[in-house]
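Next come the chains, spelled out residue by residue.
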Amino acid sequence: AFRNIDDVLETSGLDVTDENRRIVKILAHNRMAITDSNIGKLKDYDARMQNIIENLKPATTLALIRSGVNPLDVSLAELETHIGEINREIAENNADNGEASHSRFLWKLEKENRISEDERESYIGICRLLHQISKNDRAAVGAVVNSGAEFTLANLMTAVRSRRRDIDVEVDDTSGLYDGRGDTREIESMIRTGYGNHVAEKLNDSITPSKLYDVSGGEVETLLSMPLEQLLDNILHMEENQEIENSYMKYLAQNAREAAQDAESIAFAKAFGIEPTLYNINAVRQFMTDGGGALRQLIRESGESSEKDTVIQESDKLIEAMSDDETMKKQYGKVAQAARTLLERNEHGKLDIRELHNLRVIEGGLKVTTLMAKKRSFEIPIVTKNGVTNINLTIVDGAKEKSGINIQMESDYYGNISCELDIRGNHVQGLMLTGKHMDDVALSGKIRRSIEENGYTLVSFNNAVHNVRKKYVRPDDGAMGEENSGRKEQIDKMYKLSKAIITTLSDMIKEEQI
């Protein structure tokens, strides 16, 4: 009964793929007309179903039930939206956010010796394009659909580049480009856009360098001009290079063993509310190895641009924002968003594997930094004439009436500086360590005065020259970061004291550069 399906698809101008064959069979079984419109609608419906099934994980299902949403009482579109919102909330505690598939591709690309350097550059471009669309640039798919162009990698690249140039165009991240003249998009266009995004996401999860090479015979132009649906069908039917796959599995196993044995990183992740997945633990390990300076590293390694200026400008506002919890976290959110925009800008242009790997490390560090900020642990970059340095602030609103402030920074003259304040009610005990010199009048004297001027009674304050090792202050009894209205006044007061001390330290750093 279905022997002529391929002929039907070719007559309709559709790609002969397993997906389209299956859709035509469903239409025939239900005695529906096999038209381009019906095929498009059913493919979108089917893609929604697949998306729901793939994303309805145990944790998602539990959260859905707890939210009171009955899957039987809502439409597929509403159910998909609910599931997406829940998974995005879960992803906030996950540094991965799709990076694992990207890292896997780059790792395998280094091992595939059949691919030339020119081909590597093209494969990296394809990987970056699909990765970007899957993460946050879905409007590019809508642009291709609305233009009537064939849905290929080449046309997707053109759409992405055009969107970057056209500053007057608003982006609708679900249904393509919007020109401000009213919603004139047809339902069919929206359906095709939704299905196109599904194909792009599936490709992002499925491609490997070996499969791309085998599908195209090493011809990059073939990859760029092949309809994406056909490319996905070919990729799904292609065998992986088993030697490289086995090597990758061994690499992951070794990586997992090392991560599982890193008790410090696991404890760090759990303390700051970061889900201890393999990717997250590796991001934390890299973060701790690099000294936790993801923002500093991003600023240092970025060329001059308006995006970099924005990161610096928003970072400069952090000290002023130290008035209360809400203001500080809101401003840090602006810094994080500006940093993500700068990171995305840095991904554009010609990059080799090493440069991309470095960007992935910075991205993982930024995610860890952002998650830590929710627990009142902040990285504050300070730009001076000689470069960029860091001030790290942690405010501990601990259990059992014990709170505190921990400030760490680097100085040319004093070396590494650590200032720890143990706060019980209005009473403060302080310890200040510097790696090289100690000037009691110029430095610790000013900090003593700041403590007293902010309404605290200074019980003791010791200072010494000592080898200062960078450390991360973890939540006390898991209480740091908890919203507690009874403690709000104390937390805000600690922010104001932190502001006074950091202003002193920041001014001192800048004076060193004169």
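Anyway, here's the lowdown on the structure attached to this text. Bear in mind the structure is a predicted one, so any value in this text is a computation, not a measurement.

Bringing the overall build of the protein into the picture now. In terms of helices and strands, the protein carries 22 helices and 8 strands. By the burial criterion, 47% of the 514 residues in the protein qualify as buried. Across the protein, the fraction of contacts at a sequence separation of at least 24, relative to all contacts at a separation of at least 6, is 67%. On the protein, roughly 25600 Å² of surface is accessible, and the fraction owed to carbon and sulfur atoms is 48%.

This paragraph deals with helix H14 (residues 242-261). The terminal C-alpha atoms of H14, which comprises 20 residues, lie 29 Å apart, in line with the 28 Å expected from a rise of 1.5 Å per residue. Within H14, burial applies to Ile 244, Glu 245, Tyr 248, Asn 255 and Ala 259. The buried residues of H14 occupy an angular sector of 95 degrees when the element is viewed end-on, so they sit on one face. Those residues of H14 that are exposed and angled more than 90 degrees off the buried face are Glu 243, Lys 250, Ala 260 and Gln 261. The opening residue of H14 is Asn 241, an N-cap whose side-chain oxygen sits 3.1 Å from the backbone nitrogen of Glu 243.

Our focus in this paragraph is helix H16 (residues 278-289). The end-to-end C-alpha distance of H16, which contains 12 residues, comes to 16 Å, matching closely the 16 Å that a straight helix rising 1.5 Å per residue would cover. Where H16 is concerned, the buried positions are Tyr 279, Asn 280, Ile 281, Ala 283, Val 284, Phe 287 and Met 288.

The subject of this paragraph is a nonpolar patch on the surface. On the surface, Tyr 45, Met 49 and Ile 53 cluster together to form a nonpolar patch covering roughly 310 Å² of accessible area. Counting through the fold element by element, Met 49 comes out in helix H3 (residues 36-55). Overall, Met 49 belongs to the partly exposed group, its relative accessible area being 30%.

Further remarks concern the sheet that holds strand E8 (residues 457-465). What holds strands together in a sheet is hydrogen bonding between their backbones, with the strands either parallel or antiparallel. With respect to topology, 6 strands assemble into an open sheet ordered E3-E4-E5-E6-E7-E8, the strand pairing being mixed. Only two strands of the sheet have a single neighbouring strand rather than two, namely strand E3 (377-384) and E8. Going from strand to strand, the sheet's axes swing by 15 degrees on average, the running direction of each strand aside. Where strand E5 (residues 403-411) and strand E6 (residues 415-424) come together, 9 bridges link them in antiparallel fashion. The partner of Ser 411 across the bridge, within E6, is Gly 415.

If you walk through the whole model with that rule in mind, you get 2 cavities of 30 Å³ or more. When its volume is computed, the second largest cavity comes out at roughly 50 Å³. For the second largest cavity, the full set of lining residues is Leu 295, Tyr 332, Val 335, Ala 336, Ala 339, Arg 340, Leu 366, Thr 369 and Thr 370. At the level of elements, helix H19 (325-347) and helix H20 (353-373) are the ones that each hand at least two residues to the lining of the second largest cavity. Counting residues per element, the lining of the second largest cavity draws most heavily on H19, at 5 residues.

Going through the model one piece at a time under the given rule, you end up with 21 salt bridges. Between Glu 240 and Lys 108 there is a salt bridge, and its shortest N-O distance comes to 3.1 Å. With a gap of 132 residues between them, Glu 240 in the loop between helix H13 (228-237) and H14 and Lys 108 in helix H6 (residues 99-111) connect regions that are remote in the sequence. Assigned by exposure class, Glu 240 and Lys 108 land together as buried. Taking the shortest distance from any N to any O, the salt bridge between Lys 488 and Asp 492 comes out at 2.7 Å. Of the two residues, Lys 488 and Asp 492 are both situated in helix H22 (residues 488-512); the distance of 4 residues between them amounts to about one turn of the helix. Its relative accessible area of 11% is what places Asp 492 among the buried residues.

Even without being a glycine, Arg 376 presents a positive backbone phi close to 65 degrees. With respect to the secondary-structure elements, Arg 376 resides in the loop between H20 and E3.

For the rest of this paragraph, the subject is the nonpolar core. With 91 residues, the main nonpolar core has Tyr 123, Leu 156, Ile 380, Ile 391, Leu 393, Ile 407 and Leu 421 as its most contacted residues. No other element matches the 9 residues that H22 contributes to this core. Excluding its chain neighbours within four sequence positions, the residues that come into contact with Leu 421 are Ser 403, Gly 404, Ile 405, Val 428, Gln 429, Gly 430, Ile 451, Phe 461, Leu 497 and Ile 501. In this structure, Phe 272, Val 284, Leu 371 and Met 372 belong to the second largest nonpolar core, which totals 13 residues.

Counting through the fold element by element, Ile 133 comes out in helix H7 (residues 117-135). The spatial distance from the C-alpha of Ile 133 to the C-alpha of Leu 156 is 9.3 Å, given a sequence separation of 23 residues.

Calculation notes
- Residues numbered from 1 in each chain as written.
- Predicted model: local features only at pLDDT ≥ 70, side-chain atom pairs only at ≥ 80, totals over all residues.
- Heavy atoms only, no water.
- Helix = DSSP H or I, 4+ residues; strand = E, 2+ residues; numbered from the N terminus.
- Buried < 20%, exposed > 50% of the residue type's maximum accessible area, 1.4 Å probe, protein only.
- Contact = heavy atoms within 4.5 Å.
- Areas by Shrake-Rupley, 256 points an atom, 1.4 Å probe, with all protein chains shown as cover.
- Expected span 1.5 Å × (residues − 1).
- Arc of directions from axis to C-beta.
- Polar contact = N/O pair within 3.5 Å; in protein donor to acceptor, adjacent residues only side chain to side chain.
- Patch = residues over 30% accessible without salt bridge, like charges linked within 9 Å, V, L, I, M, F, W, Y side chains within 5 Å.
- Salt bridge = Lys/Arg side-chain N within 4 Å of Asp/Glu carboxyl O.
- Pairing = 2+ DSSP bridges.
- Axes fitted to C-alpha atoms, helices over the stretch in contact; angles between N-to-C directions.
- 1 Å grid on protein atoms, 1.4 Å probe; cavity = no way out; pocket = protein on both sides within 12 Å on 5 of 7 lines; lining within 4 Å.
- Points joined across faces, edges and corners; volume = space filled by probe spheres on them.
- Core = buried A, V, L, I, M, F, W, Y, C linked by side-chain atoms within 4.5 Å.

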